[in-house]
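# Architecture and fold: a report
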Amino acid sequence: MTIERTFSIIKPDAVGRNLVGDIYHRFENAGLQIIAAKMLHLSREQAEGFYAEHQGKPFYDPLIKFMTSGPIMVQVLEGEDAIRRHREVIGATDPAKAQAGTIRADYASSVQQNAVHGSDSTTSAEREIAYFFTTEEICPRTR
Ligand code: DAT
Ligand code: MG
């Protein structure tokens, strides 16, 4: 197993419901260390750039509207097999299909308002971390 970094968002619905501490607790319990974090309220341009891969899909406009509707928490998580482990803790995109005990099963109200984001590959993790964080903002324990 290798130590990986992944990118995570607590979306406006979950921040609005005061779930930041609960979700951080779940990450830490899964062996994921928070090595960078901040609160942001995304502009339309920031959200569109982040979700560029979904442009043109039927859910794209509602997604951008939702992601700019309130503050979010963005974080970099580090740990063994972090990308897969983080996606496991999050659960499936559609909360109706997410395994019991996952963040989306417990907190997402719909596939559109699904509480959290997690990178799905090393390529997307690298892009997404660099989209929101400078090197100086990332604080690994092992530096
Ligand atoms: P994930 O967030 O699990 O990586 P994704 O990358 O396929 O899922 O989609 C990005 C986000 O877009 C997702 O978290 C919520 C929204 N979305 C995806 N599919 C959707 C759908 N069928 N209807 C409404 N929103 C959707
Ligand atoms: Mg995705």
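Because the structure is predicted, anything quoted here is derived from the model rather than measured.

Once that is clear, we can look at the site of ligand 1. Taken together, K11, H54, F59, L63, R87, T93, R104, V111, Q112 and N114 are the residues near ligand 1. Here ligand 1 loses 75% of its free accessible area of 510 Å² to cover by the protein chains. Among the detected pockets, ligand 1 sits in the largest pocket. Of the residues contributing to the shell around ligand 1, the split by class is three nonpolar, four polar and three charged.

Here the structure, examined in full by the defined rule, presents seven aromatic pairs. Between F50 and F132 the ring centres are 5.5 Å apart and the planes differ by 50°, which places this aromatic pair in the tilted class. Of this pair, F50 sits in helix α3 (residues 44–50) while F132 sits in helix α7 (residues 122–132); the two residues are 82 residues apart in sequence, bridging distant segments of the chain. Judged by relative accessible area, which is 7%, F132 ranks as buried. Sitting over the face of the ring of F50, R127 holds its NZ or CZ atom 5.8 Å from the ring centroid. In this structure, R127 is placed above the aromatic ring of Y131, and the distance from its NZ or CZ to the ring centre is 5.9 Å.

Residues of helix α2 (residues 20–29) that are buried: V20, I23, Y24 and F27. In a view along the axis of α2, the buried residues occupy a sector of 100°, so they form one face of it. Residue G31 follows α2 closely and has a positive phi angle near 85°.

For the rest of this paragraph, the subject is the layout of surface pockets. Volume-wise, the largest pocket comes out at about 410 Å³. Along the wall of the largest pocket there are 18 residues; nearest its centre are K11, Y51, H54, F59 and T93. Taken together, the residues that form the lining of the largest pocket break down as five nonpolar, seven polar and six charged.

Turning our attention to the UniProt feature "domain: Nucleoside diphosphate kinase-like" (unreviewed entry) in the chain. The feature "domain: Nucleoside diphosphate kinase-like" (unreviewed entry), as annotated in UniProt, sits at residues 3–140 in this numbering. The span residues 3–140 is 40% helix and 20% strand, and its two end C-alpha atoms sit 11 Å from each other.

Procedures and definitions
- Residues numbered from 1 in each chain as written.
- Chains lettered and ligands numbered in written order.
- Predicted model: local features only at pLDDT ≥ 70, side-chain atom pairs only at ≥ 80, totals over all residues.
- Heavy atoms only, no water.
- Near = heavy atom within 4 Å.
- Areas by Shrake-Rupley, 256 points an atom, 1.4 Å probe, with all protein chains shown as cover.
- 1 Å grid on protein atoms, 1.4 Å probe; cavity = no way out; pocket = protein on both sides within 12 Å on 5 of 7 lines; lining within 4 Å.
- Sits in = over half its atoms within 2 Å of the grid points.
- Nonpolar A, V, L, I, M, F, W, Y, C, P; charged D, E, K, R; others polar.
- Phe/Tyr/Trp six-rings, centres within 6.5 Å; stacked < 30°, edge-to-face > 60°.
- Helix = DSSP H or I, 4+ residues; strand = E, 2+ residues; numbered from the N terminus.
- Buried < 20%, exposed > 50% of the residue type's maximum accessible area, 1.4 Å probe, protein only.
- Lys NZ or Arg CZ within 6 Å of the ring centre and 35° of its normal.
- Arc of directions from axis to C-beta.
- Points joined across faces, edges and corners; volume = space filled by probe spheres on them.
- UniProt positions renumbered as here; feature names shortened; annotations may be inferred.

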